Structure formats: C-alpha cells, structure tokens
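Spelled out from the first residue to the last, the chains are:
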Amino acid sequence: MSATESPAVARRRVRLTLRRAREAKQLTQGQIAEAMEWSLSKVMRIEKGDVSISASDLRVLLDFLEVRDPGEVKQLMTDARTSRSERWSADPDYREHLTPATAQLLQFEAEATAIRHYSNVVIPGPLQTPAYARAMFTGYVHDLSEDTIRARIDVRLRRREIFYRPDPPDYLAILDESVLWREVGGRAVMGEQLSELLKIMADTAILVRIVPFAAAASIALLGPFSIFDLGAEENAVLYRESHTADEIVHARRLIGRHREVFERLWPEALDDAASAGLIKKRADAMLGAAHQEPVS
C-alpha cells in the first residue's frame, strides 16, 4: 500500500475483508457482536463503512475470525490506522448535523480522483450558492433545525474547496435542462446561482453538460447520483440522495449500472460550449425578470 493511499480506500478494504471472513465462518453480525461484546449497531456500522475500526479492536476480531496470515494482518492493521486519518474532517460543531452517509460523502469527495454527478432535480451541492442551498432546505423546515440547516449550508460551501486545490479530482456533471428552469428560491436566487455556476466553470477544470428536453425521458429514471473513483475504478463508490434519505452504495453491480448510464448520457448531452451558452441564457433571463419584479 502506498503511504499516500486514501483513508477511504483503506477503510473499504478493511470492511470488505471483515465481511468476507465473517461470511466464510458462516457467522451473523449478531454473533460477532455477542462474541466481541460489542453492540450490533457497531458491527453493522463497521461493515457498512460508517465508522473505522480501531487497531486494537481489529486485532482481536481478526484472531476470532481466524485471519492470521502475517502479511495480511500487517496490511489490515496499517489500513485500520490509515482509515482513521481523514483528509477532510468536518468541524466538531457540524458533525451532529450530518447524516452518516453525508459524513462518508465528504471523505470520498476529498479522496476521489474522479467524480461523476448526474442530477435531474437541482444544482449539485458543492456548486450551490448559500441562497440557493437555503431555499433547498426550506422544504425541510419541519425536519431540520435552523442550526442544522446553517451547518449543512456551511459544509456545502467548504466542499467546493476540492476544485481549487493543486490536485483537484476530474469532475464531470450532467444536468437535465429542467434544472435550469426550476426557480429554486425565486428568479433572483436562481439567476445568481446559474451565474455562479458559470464562474466556477470558468475558474476551474470542472465540466458541466446539459441534457436538453429533446432527449429521451428514460434518462431520469435513476434519479440524482454521484460516482466517486478512489484511485481505481474497482474502488468506486456510489452516492444517492433523495428528499428523505441519502446512502452510500458499494455494490459493484449498481455502481456499474449508474456508470453505464452516465457514460451513455455524456455524449448525448450538449457539448461544453453549448451547455455554457444555455446556462448563461437562463441566468440572464432569470436576472432580467427579477430586476423587473416590483419591490414589495
């Protein structure tokens, strides 16, 4: 393992090894929890990758699962230590306001070498303005406190830093044209959001393409998703988000299905220049209409 390898990749290797070893012994997660005197939720979170396992806990568990090859044990112990050293860490004041999947998302986003995002609903989180993000969260007023909304907006702004670092990931985004027409927060907010999107596109290496209305409707069936390549395609993970939940997916079949959809859509979308032109047209229209609105 390289000394610079991703904590996310190391964590994934540990959790997959533990799950395979448990299944090889035909043990349930409940039996592991009982044997280790842990809670069932701890075992489940370790195998899902929600949390990292300490080196001391890992050593005991590997012995119980009869994983005793010196080379493999040494590698896994190194992985356990690496997985607990994160490149991106949220402010402690923010952690309580993030879902487990979002916390993982931040780590994968920071460690990714390439990110592919598709949305038929809204502008991707890292590209959102504060006003646009706040308008997005107004639909959750009965579920989220003001502190949680403020924390999540701040985190979204910090996520944008990955585009400006010396080694940014390749970032490709495909947006359905409907995203440009959906007046999130009103015309002024939407116009400013699209203008900001154009500025980020001009200042960084991210690529954004628009799928026009004329494209087949079936492209929207999977809903919004992001694919993160963590150094190699076989280490990719999938992130899916809906109004009520978000999740990290590790299943290769599902990741492959979403990747296939993205790769099919990319050449069908408007090219870079045409996409930027359409975004500017919508931004100008929104801002122009907003300036004509009467002041209340």
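Up top is the structure.
Our subject in this report is the structure included herewith. Every value quoted in this text rests on a predicted model; they were computed, and no experiment measured them.

## Things to note about the pairing of strand β1 (residues 114–119)
As a general feature of sheets, a regular strand has side chains that alternate between the two faces.
Okay, step 1: Across the six residues that make up β1, a large majority, six, are buried.
Okay, step 2: Because side chains alternate across β1, one face comprises the buried residues A114, R116 and Y118, and the other comprises I115, H117 and S119, equally buried.
Okay, step 3: In this structure, β1 lies alongside strand β2 (residues 170–176), joined through six bridges in parallel fashion. When the bridges of β2 are listed, I115 appears paired with Y171.
Okay, step 4: Alignment of β1 against strand β4 (residues 225–229), held across five bridges, turns out to be antiparallel. Along β4, the bridge assignment pairs R116 with I227.

## Let's talk about the packing of aromatic side chains
Okay, step 1: All chains considered together, the criterion is met by three aromatic pairs.
Okay, step 2: Centre to centre, the rings of F163 and Y171 are 4.9 Å apart; their planes meet at 75°, and the pair counts as edge-to-face. Across the pair, exposure class does not vary: F163 and Y171 are buried alike.
Okay, step 3: Judged by centre distance (5.9 Å) and plane angle (20°), the ring pair of F262 and W266 falls under stacked. Here the residue F262 and the residue W266 both occupy positions in helix α12 (residues 252–268), the gap between them amounting to four residues, near one helical turn.
Okay, step 4: The buried category is assigned to F262, whose relative accessible area is 1%.
Okay, step 5: The exposure class of W266 is buried, given its relative accessible area of 14%.

## Brief notes about helix α11 (residues 187–203)
Okay, step 1: The terminal C-alpha atoms of α11 lie 24 Å apart, and with 17 residues this matches the ideal 24 Å at 1.5 Å per residue to within 8%.
Okay, step 2: Turning to α11, its buried residues number three or more, namely V189, M190, G191, Q193, L194, L197, I200 and M201.
Okay, step 3: Along its buried surface, α11 packs onto α8 (130–137), β2, α10 (178–181), β3 (207–211) and α13 (272–292).

## With respect to the side chain of S226
Okay, step 1: Position of S226 among the secondary structure elements: in strand β4.
Okay, step 2: Polar side-chain contacts of S226 include one of 2.7 Å to the side chain of H117.
Okay, step 3: Setting aside anything within four residues of it in sequence, one finds S226 in contact with R116, H117, V237, L238 and Y239.

## Focus: the nonpolar core
Okay, step 1: Within the largest apolar cluster, 38 residues are counted, with the highest numbers of intra-cluster contacts made by V208 and F228.
Okay, step 2: By residue number, the principal contributor to this core is α11, which donates six residues.
Okay, step 3: Non-local contacts of V208, meaning those with residues more than four positions away in its chain, are made with A173, L175, L197, M201, S275 and I279.
Okay, step 4: Grouped together as the second largest cluster of nonpolar side chains are 20 residues, A33, M36, I46 and M77 included.

Cut-offs and rules
- Residues numbered from 1 in each chain as written.
- Predicted model: local features only at pLDDT ≥ 70, side-chain atom pairs only at ≥ 80, totals over all residues.
- Heavy atoms only, no water.
- Buried < 20%, exposed > 50% of the residue type's maximum accessible area, 1.4 Å probe, protein only.
- Helix = DSSP H or I, 4+ residues; strand = E, 2+ residues; numbered from the N terminus.
- Pairing = 2+ DSSP bridges.
- Phe/Tyr/Trp six-rings, centres within 6.5 Å; stacked < 30°, edge-to-face > 60°.
- Expected span 1.5 Å × (residues − 1).
- Contact = heavy atoms within 4.5 Å.
- Polar contact = N/O pair within 3.5 Å; in protein donor to acceptor, adjacent residues only side chain to side chain.
- Core = buried A, V, L, I, M, F, W, Y, C linked by side-chain atoms within 4.5 Å.

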